[in-house]
Amino acid sequence: MAQSFTWFPVNHLGSPKNSDRLHTLNEYPPVPLCSVNDVQLRFLCPDDLEEVRTLCQDWFPIDYPLSWYVDITSSTRFYALAAVYNFSIIGLIVAEIKSYNKLNKEDRGILPESMGRDAEVGYILSLGVHRKYRQNGIGSLLLDSLINHLTTAERHKVKAIFLHVLTTNRTAILFYERRGFVLHCFLPYYYSIRGKCKDGFTYVTYINEGHSPWSLYDYLKYWCSLIVTAGGLCSYICGRMRRVFRWACRRTVSRFNLEQDDD
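Quick caveat: nothing in here was measured; it's all calculated off a predicted structure.

Participant: Would you mind going over the overall build of the chain with me for this structure?
Facilitator: Counting its secondary structure elements, the chain contains six helices and eight strands. Ordering the α and β elements of the chain from the N terminus gives β-β-α-α-β-β-α-β-α-β-α-β-β-α. Per-residue burial over the chain gives 42% buried out of 263 residues. Across the chain, the fraction of contacts at a sequence separation of at least 24, relative to all contacts at a separation of at least 6, is 70%. When the accessible surface of the chain is summed, it comes to about 15300 Å², and 55% of that surface belongs to carbon and sulfur atoms.

In structure tokens, the structure reads:
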């Protein structure tokens, strides 16, 4: 694996039996940046292909086809954003938007069917930060950029962001949990790494008013809240009706008294 890059999740292009983007941690300590503002964010371009390919050949135990590098550096299908410092790529996030109907079977439980028919989801293929520059907020900067991109008015159909990660990748798991991602499901034998099967997790966070499928507890909680709300509304209506009734009674009594005085 690479000695200069740490990749957090996942399998690529939705294919489960691929090498996880992980590496053996280096011994040298992180290098603090003067400011995160010194880091430039830009999308990958075709000129980055050879650099990215060279790095990825160090990161992964297998060679990925040239078409994959062409796609992430040139295709608008991917949200491929690089963090650049001193003219070098020190971080990278690759994601894509998927239709709910095109998700793999193991991922369709992310959204309820009623929401999923027209919904889309963001899928993080990879998120990594140079080992030397970790603990400087680069990973969060890249993730925030993706979330901001997916929470615009044009992307209101995107209801969730999810990813896959090795169960043993505690660094990535803790990072995503700190960022509000929650464990969705366990994926036994999801990865194939050097001929050995490894287990994975699916982590997800919800955006644009998306939510997970409801359990029986969620339905009970919802109906109880409706009852409580309806109870408060009924009290308000009854109070208003009592005030109207008192007003009508006073008007009737006053009119009756006036008629008696006329007599």
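Structure's up, so let's keep going.
Participant: How should a positive patch on the surface be read in this particular structure?
Facilitator: There is a patch of like positive charges on the surface, built from Arg 240, Arg 242, Arg 243, Arg 246 and Arg 250. By secondary structure assignment, the location of Arg 246 is in helix H6 (residues 216–262).

Participant: Is there a simple way to think about the packing of aromatic side chains in this case?
Facilitator: Centre distance and the angle of the planes are the two values used to describe a pair of aromatic rings. By the definition in use, this model includes nine aromatic pairs. Ring plane angle 75 degrees and centroid distance 5.1 Å describe the contact between Phe 175 and Tyr 176, whose orientation is recorded as edge-to-face. Tyr 176 shares its class with Phe 175; the two are buried. Grouped by ring-pair contacts, the aromatic residues Phe 175, Tyr 176 and Phe 181 constitute a single cluster. The residue whose ring lies beneath Arg 108 is Tyr 100, and the NZ or CZ to ring-centre distance is 6.0 Å.

Participant: Please clarify how the confidence of the model for the chain should be interpreted in this entry.
Facilitator: Reading predicted coordinates in detail is not appropriate for stretches of low pLDDT. For the chain, per-residue confidence averages 79 on the pLDDT scale, and 70% of positions sit at 70 or higher. Every residue in residues 1–28 scores below 50 in pLDDT, and together they form 134 contacts with partners more than four places removed in sequence or on other chains.

Participant: I'm lost on the pattern of salt bridges in this one. Help?
Facilitator: Pairing of side chains with opposite charge becomes possible as their charged atoms draw close. Inspection of the entire model under this criterion finds three salt bridges. As a salt-bridge pair, Arg 77 and Glu 96 come within 3.0 Å of each other at their nearest N and O atoms. Linking Arg 77 in the loop between helix H2 (66–74) and strand E3 (78–85) with Glu 96 in strand E4 (residues 88–99), this pair joins segments that are 19 residues apart in sequence. We classify Glu 96 as buried; its relative accessible area is 6%. With a shortest N-O distance of 2.5 Å, Asp 144 and Arg 179 are connected by a salt bridge.

Participant: What am I meant to see in the environment of Val 204 here?
Facilitator: For Val 204, the location among the structural elements is in strand E8 (residues 196–206). Considering only alpha carbons, one finds Val 204 and Gly 122, 82 residues apart in sequence, at a separation of 9.6 Å. With near-sequence residues (within four places) excluded, Val 204 lies in contact with Ile 110, Ala 160, Ile 161, Phe 162, Gly 180, Phe 181, Val 182 and His 184.

Participant: Help me out: how do you make sense of the environment of Leu 111 in this one?
Facilitator: Within the secondary structure, Leu 111 is located in the loop between E4 and helix H3 (113–116). Linking Leu 111 and Ala 160, residues 49 residues apart in sequence, is a C-alpha distance of 7.9 Å.

Participant: Whenever I open this one, helix H5 (residues 170–178) confuses me. Can you help?
Facilitator: Residues spaced three or four apart along an α-helix point in a common direction, a consequence of the helix completing one turn every 3.6 residues. When we look at burial in H5, the residues that qualify are Ala 172, Ile 173, Phe 175 and Tyr 176. Projected down its long axis, H5 carries its buried residues within an arc of 165 degrees, all on one side. In this structure, the buried side of H5 is in contact with strand E5 (120–130), helix H4 (138–150), strand E6 (158–166) and E8. The positive-phi residue at the C-terminal boundary of H5 is Gly 180, with phi of around 95 degrees.

Participant: Help me out: how do you make sense of the pairing of E4 in this one?
Facilitator: In the case of a regular strand, side chains alternate between the two sheet surfaces. Taken across its twelve residues, E4 has nine buried, putting it largely inside the fold. Taken together, E3 and the strand that follows it, E4, pair antiparallel across an intervening segment of two residues, in which Asn 86 is found at a positive phi of about 55 degrees. Both E4 and E5 contribute to a ladder of nine bridges, which runs antiparallel. Of the residues in E5, the one forming a bridge with Ser 99 is Glu 120.

Participant: Looking at this structure, how should I read the nonpolar core?
Facilitator: Generally speaking, soluble globular proteins have nonpolar side chains that are buried together. In this structure, Ile 93, Ile 124, Leu 146, Ile 161, Tyr 176 and Phe 181 are the most contacted members of the largest nonpolar core, which totals 30 residues. Among the elements of the structure, E3, E4, E5, H4, E6, H5 and E8 are those that each provide at least two residues to this core. Of the residues forming this core, the biggest block, six residues, is contributed by H4. Once residues within four sequence positions are removed from consideration, Ile 161 is found in contact with Gly 122, Ile 124, Leu 146, Ile 147, Leu 150, Phe 181, Tyr 203, Val 204, Thr 205 and Ile 207.

Participant: Just checking my understanding: could you explain unusual backbone geometry for this structure?
Facilitator: In terms of backbone geometry, most residues other than glycine have negative phi values and most peptide bonds are trans. In this structure, Gln 135 takes a positive phi of about 65 degrees despite not being glycine. With respect to the helices and strands, Gln 135 occurs in the loop between E5 and H4. Given the relative accessible area of 76%, Gln 135 is considered exposed. Positive phi, close to 50 degrees, is recorded for Asn 208, a residue that is not glycine. Here Asn 208 is to be found in the loop between E8 and H6.

Analysis parameters
Residues numbered from 1 in each chain as written. Predicted model: local features only at pLDDT ≥ 70, side-chain atom pairs only at ≥ 80, totals over all residues. Heavy atoms only, no water. Helix = DSSP H or I, 4+ residues; strand = E, 2+ residues; numbered from the N terminus. Buried < 20%, exposed > 50% of the residue type's maximum accessible area, 1.4 Å probe, protein only. Contact = heavy atoms within 4.5 Å. Areas by Shrake-Rupley, 256 points an atom, 1.4 Å probe, with all protein chains shown as cover. Patch = residues over 30% accessible without salt bridge, like charges linked within 9 Å, V, L, I, M, F, W, Y side chains within 5 Å. Salt bridge = Lys/Arg side-chain N within 4 Å of Asp/Glu carboxyl O. Lys, Arg positive; Asp, Glu negative; His and termini not counted. Charge placed at Lys NZ, Arg CZ, Asp CG, Glu CD. Phe/Tyr/Trp six-rings, centres within 6.5 Å; stacked < 30°, edge-to-face > 60°. Lys NZ or Arg CZ within 6 Å of the ring centre and 35° of its normal. pLDDT = per-residue confidence, 0-100. Arc of directions from axis to C-beta. Pairing = 2+ DSSP bridges. Core = buried A, V, L, I, M, F, W, Y, C linked by side-chain atoms within 4.5 Å.

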